[in-house]
Structures are given as C-alpha cells and as structure tokens.
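These are the residues of each chain, in order.
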Amino acid sequence: MAQQPHLTTKQRMAIDRQPMPAQAAELRSINFEEVNLGFTEQLAILEAQRCLQCKKPKCVAGCPVSVDIPKFINLVAAGDLRGAAQSLLHDNALPCVTGRVCPQEIQCEQVCLRGRPMRGEPGTPVAIGHLERFVADWAAAHPDLVAPPKPEPTGRRVAIIGSGPGGLTAAGELARLGHDVTVFEAFHASGGVLLYGIPEFRLPKDIVQQEVDRLVRQGVTIEHNTIVGRTYTLPELRERFDAVFVAVGAGLPVFMNVPGENLKGVYAANEYLTRVNLMGAHRPDADTPVLRGRRVAVVGGGNVAMDAVRTAKRLGADEATIVYRRSRTELPARAEEVHHAEEEGVQFQFLTAPVEVVGDDHGWVAGLACVRMELGEPDDSGRRRPVAIPGSEFVVPADMVVVAIGTRANPLLTQTSPDLTINRWGYIEADADGRTSIPGVFAGGDIVRGAATVILAMGDGKRAATAIDAYLRGPG
Amino acid sequence: MHAIRSKTLLSPNVTRFVVEAPRIAEIRKPGQFVIVRLGPGAERIPLTIADADPAAGTITLVIQAVGKSTHDLVDLDPGDAIRDIAGPLGRPTELLPAGHAVCVGGGVGTAVVFPIAQALAAAGVRVTSVIGGRSKEWVIFADELRGTGDVVVCTDDGSAGRKGFVTQALAELCEGGGIDEVYAVGPVPMMRACAELTRPYGIKTTVSLNSIMVDGTGMCGGCRVGIGDTSQYACVDGPEFDGHAVDFDLLIDRLTTYREFEQDALARRSQPGQCLEGDR
Ligand SMILES: Cc1cc2nc3c(=O)[nH]c(=O)nc-3n(C[C@H](O)[C@H](O)[C@H](O)COP(=O)(O)OP(=O)(O)OC[C@H]3O[C@@H](n4cnc5c(N)ncnc54)[C@H](O)[C@@H]3O)c2cc1C
Ligand code: SF4
Ligand code: FES
C-alpha cells in the first residue's frame, strides 16, 4: 500500500475542503440518477489529509454511533482502503447509507476542529460524510476483502420487526454475535424508509439492496409480506423467539385537516414517495401510476418535503414550491438537500400556512389557499411560533399538493399487544437500551423516538443488539 | 412464492383462484383481504379473501379482470405462482350475533359477501342472500350461498331467477320486515342504492369499500374515505363501514383518479410488440 509522507499540521491546514463532484443541476433536475457522484480516490486522500488527527476528537462524540472517525480517515490518508473499510464497518452497519443521508452538519462535522474560525478565516470541517461514503462504497465493491469472520452459532433465535435502518442494524449486529436472526417486514422488499421514502437521486436503491444482501450472506433471514399485528401478533412472535426487537418506524401520515384535502391530486408524502420509490411509478414499464403535476405545492420543510418537491420536479413539474410556515432558518431538512433543491429551481414560500385546498368542478386540485405568517413568541420547542397575519390570504396556484408535515405511530402492532406500554402519542416506551415493558422485547428507532433520523435509529439498533445479546446469554 | 392450485372461470370476466398461503388460510376472518403483487414492476392489488381451507393451506381469490394488472393476474394458470401475498389485512366483519341478515352481492362483490354469509350462518343467524348479474352467466357463488340460507337471484334480463335489480328484491324484503342487518357488496352505485333503500327502515347496512390502496397497512393515506364528517382509512379502519355514513360521491370521484393511466395501460397491453421508448 502506498505510504503517504507524514504531514505537519501546517501542511494539513493548507489543504482546502474538496468539493463533492455532482451532476449539473439542469441535467439532474430531470433525471433520477444520484446527484452526488462521489469522491475519486485522489480526492478522498487529499480530503483525508485535512484531518488533524486530534488527540481528543470531538467528531466521535458528535456521531450518534461513535464511529472512530480519525482512525478510518487516517487509514484513507495512508491509502489503506481495506483497513479503513474494516474499521468503518466495525462501527457502522450501513455506512453507504449514513454517508449519504446523515445530517453531518449538526453531528460529526459541526464539532470538527477544522470547522472553527482561525485567525479571522472561517473554518470548513473535514468532509466526514463524503469520506465515509467513499470508504463504504469501496467496501461494497470489494465484499470479499471485508467479510467478517463467521461466528460460532449460539442457537438463540431473535425476531426483528421492520427492515428499516433500526431493524437492519440490529440484525447485522446480532448475526455477527452468532444469533439466528429473522426479520419480518410488511412490504414486499427490505429497507423501510431507505427504500420507499428517500428517493433514488439521494440514495440509490441498489445501495440499499447491497447492504441487505450483505446481511443475508451473514445468515439473516428476511420474511416479507408479514404484517405484525395482522399476520402474527407480537406476543405470538415473542413465544416463538428468544427475543424480539421492534423497529417498525413511524409510518402513519399526518394530514393538515383543512377543507379540500380529499380532492384528487392531494397526496400524503408517504403515498407520493412510495408510488415512485418502491413501486417505480416514474418508470414507463411500471404498472403503478403516479400523478404528474405541472404546478406542485409541497407543504412542510423537512427532508420528506425536500424529497417530495425534488421528485415532482423530476416528474416534469414546471413549478415546484415548498410551502413552509416558518422561515428559512427553521427549515429542519439537511442543509445539502435545501441547497440542492434551490439549485434545481425549487421555489420557496416561507412564513406561509395552507388554509384550504381549492378544487375545480371535477374534484381536482386547483390551488392551495394560504395565509402569511409572522414569527411570534417561542413555543415549547424553543422555536418562535408562527402566527397568521389577518387579511393576508392568497392562493398558490397548484394542480397537485403533497402534504409532508410529519408522521405518527402506526397502531397495528401495539393494538394487538396489550402488555406493551406505549405513551400517549402511541410510541413504544423503551429505556436507553431499548428494553420495553415486556421482558425479552426491545424497541428502537422512530417507533420509540417519533420521526427522527436514520443514524439515531441505527444507534438504537446497535445498543439494543448489545442488550439483547446480554439478555440471551443471561446472568448465569 | 404462492403456487396456484386451481383456476376456474366463474363468469365471462370473473376467475377463481385457489392459492397456497398457509398462514393466511389459518387465521383470516370474513371481511379481510390480501394484497397481491405479481413481480417486479407489478402493482399491489387488494383482493378479498373469498374462502380459505386451513387444512390444505389455501385461500380462494376471486378476480374480475378490469385493468391491466387484473388481466395479468387472470392470465396465470395452475402451476404458476404469485410472488407476493400480504395479509390478512383489514378489520374482520362485525357479525350480527343473532337474527335475520340479508347479504346483497352484485357481480364480483358476491364473492366478498360469501364468507360473511358463511360466518353468519355458522353462528346461527338466518341468512337471505340477494345476488345479481347482467344475465345468467354473470351470476356467481349461487350454489355456495345456498348452503348458508335462502338465495334470491336477480338478472337484468331475467335469464336466471327474477328479472330486475337486487335493490328491488331488497326493497321487498325490507318491506316484509324482520331484518336486522344488511351486508351489501358490489359496484359502488349498487351499495349506495342499498344504503339509501334501508335508511328509512333504520336497518343497519354494512358496505365494503374498494378505495385505491398501496400498502394496505395505514401508511400511505391513499385509501381515505369519508365516513360521517371524518376521514378514515379503508385498509385499516375498514374495508367495511356503515353504509348510511359513507360519502359515496367522494368515493366514486376518488376512484377515477388514475382513469387515464388505466386506459393507457390496458391499451398498451392489448398491443403487444409496441414498446415505449425507455422501456426496460
Ligand atoms: C422521505 C424521507 C426522507 C428522510 N430523509 C432522511 C435523511 O436524509 N436523513 C436522516 O437521517 N433521516 C431521514 N429520514 C428519517 C429516517 O428515514 C427515519 O428516521 C428512519 O428510517 C427510521 O428508521 P426505523 O428503522 O425506525 O424505521 P423505518 O425506516 O420506518 O422502517 C420501518 C419498517 O418496518 C416496517 N413495518 C412497519 N410496521 C410493520 C409491522 N406491523 N410489521 C412488519 N413490518 C412493519 C415498515 O414497512 C418499514 O420497512 C427521512 C424520512 C423520510 C420519510
Ligand atoms: S455515521 Fe453520520 S454522524 Fe457518524 S461519522 Fe458517519 S456521517 Fe458522521
Ligand atoms: S392503503 Fe395505504 S393507508 Fe390504506
């Protein structure tokens, strides 16, 4: 392996953050190919050399699963990609995914020392996410070089409910520890939100499938088309397995509760994104249809809203507009997605709240009546509460409206498991290691936290796997 | 994979499949449905479970070929297999505990009403079925239903049973009195007509709604229907609802959402060899 010359701090500081190669905005806003193209090895090594190899690295503490960031980056800087891949995979079960969808700017990269202003110059953090993606993609291309050793089977059986990032992470960890793992998934394919929510142009579905295939090679069984709460109940699975991990996400859509919401052309983001991402409705050979609005209004400001509005653009919308009731600074979406959306020509109506979906004579959407808002006193979340400005009503012209204002817990599983304690919003009560009110039943991800992030769900899966392993090995 | 054990043509466009699905056969209840997907690129199709044989590990699906996906489905033969079957979905029927129930079935809806009639009869409820079709060959499940009680067959042309619509026969039964509940499944206009007919008599009327679905588990919201002044999900809150509270206009309207796509898909299907640019 090519040994890199040892660099001084000064030399490291002199290197600028390497830009992520991306498809041109005009081109990509009409295709579903991934926007970011990925670092070349050369760019990755250069970027890795910017890392100062801090004695007390803040980035590791900033990462919800405590990836040993300086270690894998140092191996990249040294050109040892296999070593980097092994180190990364040890800490993170789905690095191809997190390198693409983690909100790095509020996690590892936010606290990176190189992000601090120095001598009047604004800082730029090490591109940790982009490096993680580079190493993970290398690992996926060289599966034989990074395969973990086969563990000794323990003979214990664990059921995992839900194949989103939480479930997949737990499955991987438990399989590595030698347990016999079966994942039960309601849909006909694996990945949860990674599959049906996050679009192809941000997270190619082949990549999700690669990660799933890796788990299957490790011996994990996946049973699709199995809805826990209907096909089996949780108590039934608890009886058949030595332990259960519940990671069913927060899949229920929330609507605005304004007049006109049942008009044709109003979608919950879940339905719109599922039709495209899971069912392939954007492809000419798919049987599942999706409406192709010319003027699409998307209500909300999170990742889901950005994904929906950028999908609408790719499906041919002339105007694709985000309608958000707070201001730009409160947008909860990843910074990179907002930036990409702007580049692609998405419009933003800030401080705007819908009051009614307006229909035409044939029951189709004809517009979204809105009211302007101003920011008032801070609310419980500490954010300033938007209040309507009287008399400011106006109509955003639209033939399609996508509602992306959040999701809730799906009661199918919990309704049929009376001993499982849930809170008043329907989320499962679990401690820091995922233990629920039923012995041997653990839970994590969005069904415990409410809609959160991929990496938090993965962190839950990892901690729960450790706790499940301890539970199965028992005190004596 | 779910092997198809047998296939029977029940009427000119209605096909019955007996399919392997052991777990679903074991636990399904009347009123529940499955979601079927043939393979890559195919749609998810909701289908009522018309019958089940837990010992044989099979369920019965009755399919009316209307669009491209259902035509693809009925083209399968015994020996072929269905890739995905998810279920059982939806709430089971709330069965009348005792008394006299009328089960109205129109077209393929008769297959949906059959398991309800069967369960009611098994619980000791008196069942009268009123089923209909355009003409003799369109009437299905008449023999099966005779095992649950009286059957009144209605055809538009009088080629079997009496001439006329199921609603006329239902009106006479209502007039005669003593009816505790009506279960009506069929085309939306038929269900609406049944509900309107029973309303003045105050007879509880349950209908089964076939709104457009994707997942069938409550996650997409696409199947929402108007019930009284609420919005409910047909896949998890239904598919059966109080017919007197259903907003039928909304249902009929929302069912037309993809009409153009459906016509296109069907047209393309009947012109083999024509490939769209970019087809894979
Ligand atoms: C469009 C969109 C974009 C997002 N973008 C980002 C992003 O950029 N970065 C980020 O960090 N986070 C993002 N998120 C949030 C993130 O995806 C979730 O926080 C995360 O996926 C939660 O993981 P999970 O494992 O808890 O559940 P999920 O990913 O929701 O997976 C749950 C799985 O369980 C299955 N299931 C549900 N009920 C049952 C049942 N009863 N029986 C069997 N199976 C069941 C579901 O079908 C699903 O496959 C996004 C979310 C969406 C919707
Ligand atoms: S997992 Fe996320 S937070 Fe952790 S290092 Fe990777 S990108 Fe940063
Ligand atoms: S089919 Fe998706 S919520 Fe009912």
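These lines cover the structure that appears in this document, whether it is placed above or below. Chains are numbered independently. Their residues run from 1 in the order of the written sequence. Just so you know, chain letters begin at A and ligand numbers begin at 1, following the order they were written in. Local features in this predicted model are restricted to residues of pLDDT 70 or higher, and side-chain atom pairs are both shown and tallied only at a pLDDT of 80 or more, whereas totals for entire chains, interfaces and linings draw on every residue. Side-chain measures were taken over the full set of non-hydrogen atoms in the model, leaving aside hydrogen atoms and water.

**Some thoughts on the sheet that holds strand 3 (residues 221-223) of chain A**
Residues and elements named next belong to chain A. In short, DSSP must find at least two bridges between two strands for them to pair. A run of DSSP states H or I qualifies as a helix once it reaches four residues; a run of E qualifies as a strand once it reaches two. Both are numbered from the N-terminal end. With parallel pairing, five strands are arranged side by side in an open sheet as 3-2-1-4-16. Because the sheet does not close on itself, it has two edges, and the strands there are strand 3 and strand 16 (441-443). The mean angle between the axes of side-by-side strands here comes to 20°, regardless of whether they run parallel or antiparallel. Here strand 1 (residues 157-161) runs beside strand 4 (residues 243-246); their pairing, made up of four bridges, is parallel. Note on strand 4: the bridge partner recorded for I161 is V246. Lying on the sheet, helix 20 (residues 454-473) is in contact with strand 1, strand 4 and strand 16; it crosses strand 4 at an angle near 170°. Axis definition: a line fit to C-alpha positions, over the contact stretch in the case of helices; interaxial angles, taken between N-to-C directions, run 0 to 180 degrees. Whether two residues are in contact is decided by their heavy atoms, any of which lying within 4.5 Å being enough.

**Some details on the interface of chain A and chain B**
Interface size, as often reported, equals the accessible area lost upon joining of the parts. Counting residues at the interface gives 40 residues for chain A, matched by 45 residues for chain B. Here's the idea: put two parts together, see how much 1.4 Å probe accessible area each one loses, and the total over both is what we call buried area. Roughly 3500 Å² of surface becomes buried between chain A and chain B when both sides are summed, with 52% attributable to carbon and sulfur atoms. When the buried surface of chain A facing chain B is broken down by residue, R230, N262 and D287 of chain A rank first, second and third, together holding 21% of it. We define a salt bridge as a contact between a side-chain nitrogen of Lys or Arg and a carboxyl oxygen of Asp or Glu at a distance within 4 Å. For the interface between chain A and chain B, the tally reads three salt bridges. Here R23 of chain B makes a salt bridge to E236 of chain A, at a shortest N to O gap of 3.3 Å. Residues adjacent in sequence count toward polar contacts only when both atoms are side-chain atoms; beyond that, a polar contact is any pair of N or O atoms within 3.5 Å, and within protein one must be able to donate a hydrogen and the other to accept it. Summed over the shared surface of chain A and chain B, the result is 20 residue pairs in polar contact (both at pLDDT 80 or more). Elements with a minimum of two residues in the side of chain A that touches chain B: strand 5 (252-253), strand 6 (266-268) and helix 15 (269-278) of chain A. No other element matches the four residues that helix 15 of chain A contributes to the side of chain A that touches chain B. Three categories are distinguished: nonpolar for Ala, Val, Leu, Ile, Met, Phe, Trp, Tyr, Cys and Pro, charged for Asp, Glu, Lys and Arg, and polar for the others, with Gly belonging to the last. Broken down by class, the residue content of the side of chain A that touches chain B amounts to 20 nonpolar, eleven polar and nine charged.

What is shown is where atoms sit, not what they do.
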